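# Close look at the chain arrangement
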Amino acid sequence: MFEFVCQQQCRHSHARAGLFYTPHGSVATPRFMPVGTLANVKTLTPEHLKAAGAQMILANTYHLHLQPGEAIVAAAGGLHRFMGWSGPILTDSGGFQVFSLSEMRQISDAGVVFRSPHDGQMIELSPERAIHIQDQLGADVIMAFDECPPYPASREAVVQATQRTLHWLERCIAAKERPDQALFGIVQGGVYGDLRRECATAMLAYDLPGYAIGGVSVGEPTAAMHEIVALTVPLLPVHKPRYLMGVGTHLEMLRAIAAGIDLFDCVIPTRLARHGCAIVQGRRWNLKNAQFRRDYDPLDATCPCYTCTTFSRAYLSHLVRAKELLAYTLLSIHNVTELIRFTQAARQAILEERFASFAAEWEQQLGAANDND
């Protein structure tokens with residue numbers, strides 16, 4: 001039910017174009033996956049997502065457990081029916097909350113105890129519980145429960161988190177029951193290359209359907225993240241999908257694609273939209289700036305999205321300034337489309353054996369943008 005096929009390999013890098021087959025359809029890689037934490041990508045409908053080119057989307061185990069609860073989702077027929085999305089879905093296990101909710105949780109080898117942000121009650125999340133919740137949610141790809149160490153963290157703390165991640169993976173595998181769900185392991189190890197290598201090597205023994213690189217984009221220098229990815233990817237099987245968690249800028253994805261990554265996710269496109277920002281050719285534009293008030297051009301004349309083919313920068317600037325809710329939807333439509341189009345363009349360049357020149361052009365463009373910033 002799950003298979004990854006590499007269609008083309010770049011001769012000058014580790015970039016590859018592939019197809020990841022799931023019970024709810026295939027995903028053409030490399031691909032950006034929009035994040036729908038609470039079974040919705042904020043301000044967007046499933047039709048918006050399809051029009052943007054989305055093939056696979058994410059939801060979050062921890063947050064859906066809190067609201068509305070996995071039993072309600074299961075009674076509705078699972079996430080696909082509950083949220084009206086017919087394509088593949090991936091659910092995060094809640095491991096990232098181990099990092100992001102550090103002031104509200106206690107970790108032990110048994111699992112994690114969180115204090116609910118809604119009513120203050122204590123919530124226990126163990127590897128077995130995370131798998132059970134994801135079983136009820138019914139996503140195609142489910143993630144192993146892991147401990148995501150912060151940056152900076154001592155080597156001792158990262159060693160403990162990495163060992164715990166591997167121990168929890170064993171328990172996740174034992175708890176998994178549904179054959180129509182693919183369990184991905186998450187390689188941890190912080191910025192320590194030897195720990196990343198040990199973690200990846202240990203995970204290979206389980207022959208999982210796919211592998212993720214976690215614990216990046218948590219505060220470490222960008223150069224360190226690229227080093228982690230470049231070191232870890234060659235350790236992962238060539239016939240399985242590789243997923244870089246929580247990364248979604250043009251430059252980061254470009255370099256990760258060159259290293260051999262297939263899948264990405266990030267909240268950046270919708271979060272920026274809610275702050276009145278558009279992503280245009282890799283640059284971030286604040287639509288509140290005065291320069292856009294009388295600018296009647298589209299955001300991006302080359303973008304086929306509904307926002308760019310219908311509205312002007314001036315109109316979008318007006319909506320943002322007026323705090324109209326439509327602004328968030330229109331900017332989210334464009335931003336999500338922008339990131340998916342970028343990964344689609346990278347895929348096409350790989351298929352046409354011109355990824356090296358594609359990457360060089362974008363490196364130059366994005367470098368110039370950073371210099372101007």
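Residues numbered from 1 in each chain as written. Predicted model: local features only at pLDDT ≥ 70, side-chain atom pairs only at ≥ 80, totals over all residues. Heavy atoms only, no water.

## Focus on the sheet that holds strand β8 (residues 111-115)
Spatially, the three strands line up as an open sheet ordered β7-β8-β9, and their pairing is antiparallel. Bordering the open sheet on either side are β7 (105-108) and β9 (122-125), each of which pairs with just one other strand. On average, each strand axis in the sheet is inclined to that of its neighbour by 15°, with strand direction left out of account. Along the sheet, helix α7 (residues 155-175) contacts β7 and β8; its crossing angle with β7, the most-contacted strand, is approximately 80°. (Pairing = 2+ DSSP bridges. Helix = DSSP H or I, 4+ residues; strand = E, 2+ residues; numbered from the N terminus. Axes fitted to C-alpha atoms, helices over the stretch in contact; angles between N-to-C directions. Contact = heavy atoms within 4.5 Å.)

## Describing the packing of helix α10 (residues 250-259) against helix α14 (residues 325-351)
Packing of α10 against α14 brings their axes to within 11 Å, and their N-to-C directions diverge by 25°. Classified by the angle between their axes, α10 and α14 sit roughly parallel to one another. The handedness of the crossing between α10 and α14 is right-handed. When α10 is examined against α14, the residues H250, M253, L254 and I257 are found in contact with a partner set consisting of E338, L339, F342, T343, A346 and I350. Of the residues assigned to the contact of α10 with α14, the class counts are seven nonpolar, two polar and one charged. (Parallel < 35°, antiparallel > 145°, perpendicular 65-115°, else oblique. Left-handed = near helix turned anticlockwise from the far one by under 90°. Nonpolar A, V, L, I, M, F, W, Y, C, P; charged D, E, K, R; others polar.)

## Topic: the pattern of salt bridges
One pass over the structure, following the stated rule, counts 13 salt bridges. For E352, the salt bridge goes to R354, with nearest N and O atoms at 2.6 Å. When salt bridges that share partners are traced, they join D109, E147 and R164 into one network. (Salt bridge = Lys/Arg side-chain N within 4 Å of Asp/Glu carboxyl O.)

## Remarks on the environment of L204
Position of L204 among the secondary structure elements: in helix α8 (residues 193-204). Counting along the chain gives 117 residues from L204 to R321, while the straight-line C-alpha distance between them is 51 Å. Look past the residues within four positions of L204 in its chain and what remains in contact with it is Y211, L235, L236 and P237.

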